[in-house]
Amino acid sequence: MSRTFSQFARDKEKQLLATLVDPQSNVELYRKCMYELGESLGDLVLTEIKDRTEGAYLACTAEDADFLAKGMLSKLETSLAKVTLACFWNQRFAPFGISDLQVAPILKRYLEPTTTQVNSLIIVKSIISGACVVRTNLLDTIERITPQTIFVVAPAIFKGAEKRLQKGFPESIYKKFRYIYLAEDDERTPEGVVIPGIGGMVYNRLGFNSQADKNHYVPDLVRQRRAALAIGI
């Protein structure tokens, strides 16, 4: 097992990652670390966006919304003219029990209104391994918008994730990809959990009982933003 840190990982981020993989970290501490990692990743994305008057589109999963994505959003919204949010509930599974054949259909989605042309699409995930969730959500998103740059963002990835994500996209799309991650790992358990990754299955570490439990959960971030849209804030 080996872990390689990217050029984006400073001492602060390395400590946060260490807390995630510590089995003694409880749910509240784990959530707090994810939020703080989101803040760090948000700052990193902002360094890549030169024109702060442009808008951005942030896409996340339901399990990441109240923690990783919320931390990122807190930074993006203080500096960019407008940030639009999309949230996806995915059901990940292996058809016919084939672990290398992962799919992640979208069960439901929360989409805020936006224009067709978007300068920066930011798709954030707690960890990118087989890349099926990110690929599914990205394919769904680019059916509606045409971003100039696509930021693929995560605290940790599994080795080769970039190449796996590129599969299925034409060059005109994947040449827009900009990867921002903090650590890369090269080992997985037989069940597909990256070691050390983010310390196991993210659903359980965040306090959900299962993937099904997560898919019945409506993030507070979604509730708040949906209510604000309804009254025109």
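What counts and what doesn't
- Throughout, a residue's number is its position along its own chain's written sequence, starting from 1.
- Confidence filtering applies because this is a predicted model: local features only for residues at pLDDT of at least 70, side-chain atom pairs given and counted only at 80 or more, and all residues used for totals across whole chains, interfaces and linings.
- Only hydrogens and water are removed before side-chain values are computed, so all heavy atoms of the structure are retained for them.
- Think of it this way: any DSSP run of H or I at least four residues long counts as a helix, any run of E at least two long counts as a strand, and we number them from the N terminus.
- Here the globule rule is a power law, 2.2 Å times the number of residues to the power 0.38, and the radius of gyration is based on C-alpha atoms.
- For each residue, the accessible area found with a 1.4 Å probe, counting protein chains only, is set against the maximum for its type, and the residue is called buried under 20%, exposed over 50%, and partly exposed in between.
- Contacts were defined at the residue level, with two residues in contact if any of their heavy atoms lie within 4.5 Å.
- Shrake-Rupley sampling with a 1.4 Å probe provides the accessible areas, and residues are treated as covered by the protein chains on show and by no other component.
- Charged residues are defined here as Lys and Arg on the positive side and Asp and Glu on the negative side; His and the ends of the chain fall outside this count.
- Where a charge lies is defined by one atom per residue type, namely NZ (Lys), CZ (Arg), CG (Asp) and CD (Glu).
- Using only the protein atoms, space was sampled on a 1 Å grid; points where a 1.4 Å probe fits but cannot get out form cavities, open sets with protein on both sides within 12 Å along at least five of seven lines form pockets, and lining residues are those with an atom within 4 Å of a point.
- Grid points are joined across faces, edges and corners, and a volume is the space filled by probe spheres set on the points.
- Gly is put with the polar residues, along with every residue not named as nonpolar or charged; the nonpolar set is Ala, Val, Leu, Ile, Met, Phe, Trp, Tyr, Cys and Pro, and the charged set is Asp, Glu, Lys and Arg.
- By convention in this document, the label disulfide applies to cysteine sulfur atom pairs within 2.5 Å.
- The axes are straight lines fitted to the C-alpha atoms, using for helices just the contacting stretch, and the angles between their N-to-C directions are given from 0 to 180°.
- What sets the label is the angle itself: under 35 degrees gives roughly parallel, over 145 gives roughly antiparallel, 65 to 115 gives roughly perpendicular, and the rest give oblique.
- Each aromatic pair joins two rings of Phe, Tyr and Trp (for Trp, the six-membered one) with centres within 6.5 Å, and gets the label stacked for planes under 30 degrees apart, edge-to-face for over 60, and tilted for any other angle.
- Two thresholds decide whether a charge sits over a ring: the Lys NZ or Arg CZ must be within 6 Å of the ring centre and within 35 degrees of the ring normal.

Colleague: Help me out: how do you make sense of the overall build of the chain in this one?
Modeller: Across its full length, the chain holds 9 helices and 10 strands. A globule of 233 residues ought to have a C-alpha radius of gyration of about 17 Å, and the chain, at 17 Å, matches this closely. Dimensions of the chain, computed from C-alpha atoms along their principal axes, come out at roughly 45 × 35 × 35 Å. Classification of the 233 residues of the chain by burial places 50% in the buried group. Contacts in the chain between residues at least 24 apart in sequence constitute 78% of all its contacts with a sequence separation of at least 6. In the form shown here, the chain has an accessible surface area of approximately 11,000 Å², with 52% of it arising from carbon and sulfur atoms. Each charge class in the chain was averaged separately, 30 positive and 27 negative side chains, and the resulting centres sit 3 Å apart.

Colleague: Teacher, can you tell me more about empty space enclosed by the protein here?
Modeller: Over the atoms rolls a probe the size of a water molecule, and in doing so it shows where empty space is left. Going through the model one piece at a time under the given rule, you end up with 2 cavities of 30 Å³ or more. Its boundaries defined by the atoms lining it, the largest cavity holds a volume of some 40 Å³. Every residue lining the largest cavity is listed: Thr61, Glu63, Asn90, Arg92, Lys125, Val133, Tyr203, Gln211 and Lys214. Tallied by class, the residues present in the lining of the largest cavity amount to 2 nonpolar, 3 polar and 4 charged. The space that makes up the second largest cavity amounts to roughly 30 Å³. Lining the second largest cavity are Ala59, Cys60, Thr61, Phe88, Ile123, Val124, Lys125, Val134 and Asn137. Contributing elements (two or more residues each) for the lining of the second largest cavity: strand E2 (55-61), strand E5 (117-124) and helix H4 (132-141).

Colleague: Honestly, unusual backbone geometry in this entry has me stumped. Any pointers?
Modeller: It is generally the case that most residues other than glycine have a negative phi and that most peptide bonds are trans. Geometrically, the link from Ile195 to Pro196 is a cis peptide bond, its omega value of -10° lying close to zero. Assignment of secondary structure puts Pro196 in the loop between strand E10 (194-195) and helix H7 (202-205). Not every positive phi belongs to a glycine, and Ala131 is a case in point at roughly 75°. Residue placement: Ala131 occurs in the loop between strand E6 (127-128) and H4. With relative accessibility at 4%, the residue Ala131 sits in the buried group.

Colleague: I'm lost on the state of the cysteines in this one. Help?
Modeller: Two cysteines joined by a covalent bond between their sulfur atoms form a disulfide. Scanning the model with the defined rule gives 0 disulfides in all. Cys60 takes part in no disulfide bond, and the closest cysteine sulfur, belonging to Cys87, lies 4.2 Å away. On the basis of relative accessibility, which here comes to 1%, the residue Cys60 falls in the buried class. Looking at Cys132, it has no disulfide partner, and the nearest cysteine sulfur is the one in Cys60, 16 Å off. Residue Cys132 is classed as buried on the basis of its relative accessible area of 5%.

Colleague: Help me understand the packing of helix H3 (residues 62-79) against helix H9 (residues 220-230) in this model?
Modeller: A pair of packed helices can be characterised by two numbers: the angle between their axes and the separation between those axes. Contact pair H3 / H9: the axes reach a minimum separation of 9 Å and the direction vectors enclose 50°. When the interaxial angle is binned, H3 and H9 end up oblique. For the pair H3 and H9, contact is made by Ala65, Asp66, Lys70, Leu73 and Glu77 and by Asp220, Leu221 and Arg225, respectively. For the contact of H3 with H9, the class distribution of residues is 3 nonpolar, no polar and 5 charged.

Colleague: Got a minute to help me understand the packing of aromatic side chains in this structure?
Modeller: With the rule as written, the count across this model stands at 3 aromatic pairs. Each residue in the set Phe169, Phe177 and Tyr179 is aromatic and connected to the rest through ring pairs, giving one cluster. If you follow Lys14 out to its NZ or CZ, it ends over the ring of Phe5, 5.0 Å from the centre. Here the guanidinium or amino end of Lys108 rests over the ring plane of Trp89, the centre of that ring lying 5.0 Å away.

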